[in-house]
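Working through the structure, step by step
Below, each chain spelled out in residue letters.
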Amino acid sequence: MAEWRLVLDEVAGATGRRRLLVAEAYSDLPALMRYYSWRGKALADFPFNFGLLTASGTERGGGGGGGSGRFCNAACLRTAAQRFLNAAPEGAWPNWVLGNHDNSRLSTRFPPEGRFVRALNTLLLTLPGTPTCYYGDELGMSDLQLLPEQMVDPLGRRFPEQSRDPARGPMLWSEGPQAGFTDGPSPPWLPVESGFGAKCVARQLRMPNSTLAAFQAVAELRRQREFLDGELRFLMETEAELLAYWRGLGDSGYIVAMYISANTEPLVLDLSASGCRSLSLVADFRAANRNDFSVSGVAMQPGDAIIAKAADCKPDQLELRVFQRSRREEL
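Residues numbered from 1 in each chain as written. Predicted model: local features only at pLDDT ≥ 70, side-chain atom pairs only at ≥ 80, totals over all residues. Heavy atoms only, no water.

Per an unreviewed UniProt entry, the recorded name for the protein chain is Glycosyl hydrolase family 13 catalytic domain-containing protein, and the organism is Macrostomum lignano.

Here's what the structure looks like:
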């Protein structure tokens with residue numbers, strides 16, 4: 001890695017353009033952090049951080065907890081993020097991964113299919129550092145349902161239950177033949193996801209409230225300095241089902257909140273105790289009750305996410321409250 005760093009730095013010096021070096025290593029955290037630097041030598045700009053991915057299950061046959069069936073709720077994701085940040089060397093650039101070609105798709109790992117995709121993409125795009133999105137996760141693509149004879153993954157041909165092919169379906173571009181992935185006479189090496197017309201890029205670009213539109217909105221929002229350079233402060237750290245945090249510079253920034261839970265009980269998020277003088281909703285990914293924003297009562301269902309712009313805050317004194325909607329009892 002040190003030799004590769006020298007090579008890329010030489011190229012950067014000759015061309016005037018810095019080259020990015022990313023490492024992929026399935027290691028424990030102490031070993032992973034060595035890929036930032038070793039014996040005083042700069043190595044990778046960052047090693048892929050699979051903490052969120054492994055916490056949410058990497059085995060086949062299960063939901064948000066992989067083969068174990070354990071759902072990775074808000075507390076689970078918060079813990080995974082904090083573990084990486086706490087282990088990182090001072091000044092290290094963080095990064096986040098929620099899906100890749102070796103693991104079940106995001107939509108499938110967090111059942112029911114598609115409910116949590118917008119919230120999880122919001123998490124991916126608003127944490128500090130570099131997000132890496134696996135193709136199709138911005139659309140909510142799901143695992144393919146394949147017969148053993150359809151599998152081409154060498155591992156899957158031997159052990160169908162361990163096949164990685166379900167997460168490797170063709171990208172869904174259009175409503176045309178083969179979802180626009182190819183116009184050749186032969187089909188792609190894996191079949192196209194069934195019902196692809198509703199998820200394809202062309203269809204979602206025409207839908208202002210689509211999963212892709214939500215992804216694009218947050219991707220644009222993260223250009224703000226508060227997300228690029230701002231502080232990360234987790235809020236309500238004892239709350240198991242609601243993940244909330246502050247991204248800000250000084251007394252202004254954003255409050256990000258998402259309801260990640262296997263429960264079905266609606267919640268009400270109360271922002272009135274935040275201490276911020278100004279709060280306005282800039283992203284609203286709720287399945288229902290939209291356009292009803294009130295700082296004292298934001299109705300949320302599992303899979304919902306919001307981003308509120310805040311000003312005149314005291315970040316070290318920020319407080320949020322959560323109530324069960326049916327009884328208005330503080331949790």
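**Regarding the nonpolar core**
Leu52, Met258 and Ile260 are the most contacted members of the largest nonpolar core, which totals 43 residues. Per element, the largest residue contribution to this core is 6 residues, and it comes from helix 4 (residues 74-87). Split by domain, the residues of this core number at least three in each of domain 1 (48-221) and domain 2 (226-324). Those residues in contact with Met258 that sit more than four places away from it in its chain are Ala119, Thr122, Leu123, Glu241, Leu242, Leu243, Tyr245, Met300, Asp304 and Ala305. (Core = buried A, V, L, I, M, F, W, Y, C linked by side-chain atoms within 4.5 Å. Buried < 20%, exposed > 50% of the residue type's maximum accessible area, 1.4 Å probe, protein only. Helix = DSSP H or I, 4+ residues; strand = E, 2+ residues; numbered from the N terminus. Domains from an automatic or database assignment. Contact = heavy atoms within 4.5 Å.)

**Description of helix 4**
With 14 residues, helix 4 extends 20 Å from end C-alpha to end C-alpha; this agrees with the ideal 20 Å at 1.5 Å per step. Among all positions of helix 4, only Ala74, Cys76, Leu77, Arg78, Ala80, Ala81 and Phe84 are buried. On its buried side, helix 4 packs onto helix 2 (29-33), helix 3 (51-55), strand 5 (95-97), helix 6 (117-126), strand 7 (231-235) and strand 8 (242-249). Structurally, the start of helix 4 carries an N-cap: the backbone nitrogen of Ala75 is 3.2 Å from a side-chain oxygen of Asn73. (Expected span 1.5 Å × (residues − 1). Polar contact = N/O pair within 3.5 Å; in protein donor to acceptor, adjacent residues only side chain to side chain.)

**Structural notes on the packing of aromatic side chains**
Per the counting criterion, the structure on display carries 9 aromatic pairs. Where Tyr26 meets Phe50, the ring centres are 4.8 Å apart and the plane angle is 15 degrees; that geometry is what we call stacked. Of the two residues, Tyr26 is situated in the loop between strand 1 (22-23) and helix 2 and Phe50 in the loop between strand 4 (46-47) and helix 3; the sequence distance between them amounts to 24 residues. When its relative accessible area of 53% is taken as the criterion, Tyr26 is described as exposed. For Phe50, a relative accessible area of 8% translates into the label buried. Ring pairing ties together the aromatic residues Tyr26, Phe48 and Phe50, which thus form one cluster. Stacked on the ring of Tyr135, the Lys or Arg Arg105 has its end atom at 4.8 Å from the ring centre. (Phe/Tyr/Trp six-rings, centres within 6.5 Å; stacked < 30°, edge-to-face > 60°. Lys NZ or Arg CZ within 6 Å of the ring centre and 35° of its normal.)

**Details of the sheet that holds strand 11 (residues 278-285)**
Strand pairing in a sheet relies on backbone hydrogen bonds, with the paired strands running either antiparallel or parallel. Taken together, 5 strands build an open sheet; the order of strands is 7-8-9-13-11 and the sheet is antiparallel. Bordering the open sheet on either side are strand 7 and strand 11, each of which pairs with just one other strand. Across the sheet, the mean angle from the axis of one strand to that of its neighbour is 20 degrees, orientation sign disregarded. As paired strands, strand 9 (residues 252-259) and strand 13 (residues 305-311) are joined by 6 bridges and run antiparallel to one another. Residue pairing across strands places Ala257 opposite Ile306, the latter belonging to strand 13. Sheet strands touched by helix 4: strand 7 and strand 8. Its angle to strand 8, the strand with the most contacts, is close to 40 degrees. (Pairing = 2+ DSSP bridges. Axes fitted to C-alpha atoms, helices over the stretch in contact; angles between N-to-C directions.)

**Describing the pairing of strand 10 (residues 267-270)**
Taking every second residue as pointing to the same face, both faces of strand 10 are buried, with Leu267 and Leu269 on one and Val268 and Asp270 on the other. With 3 bridges connecting them, strand 10 and strand 12 (residues 298-300) associate as antiparallel partners. Considered in strand 12, the bridge of Val268 is made with Ala299. Bridging between strand 10 and strand 14 (residues 321-324) involves 4 bridges; their strand directions are antiparallel. For Val268, the partnering residue across the bridge sits in strand 14 and is Phe323.

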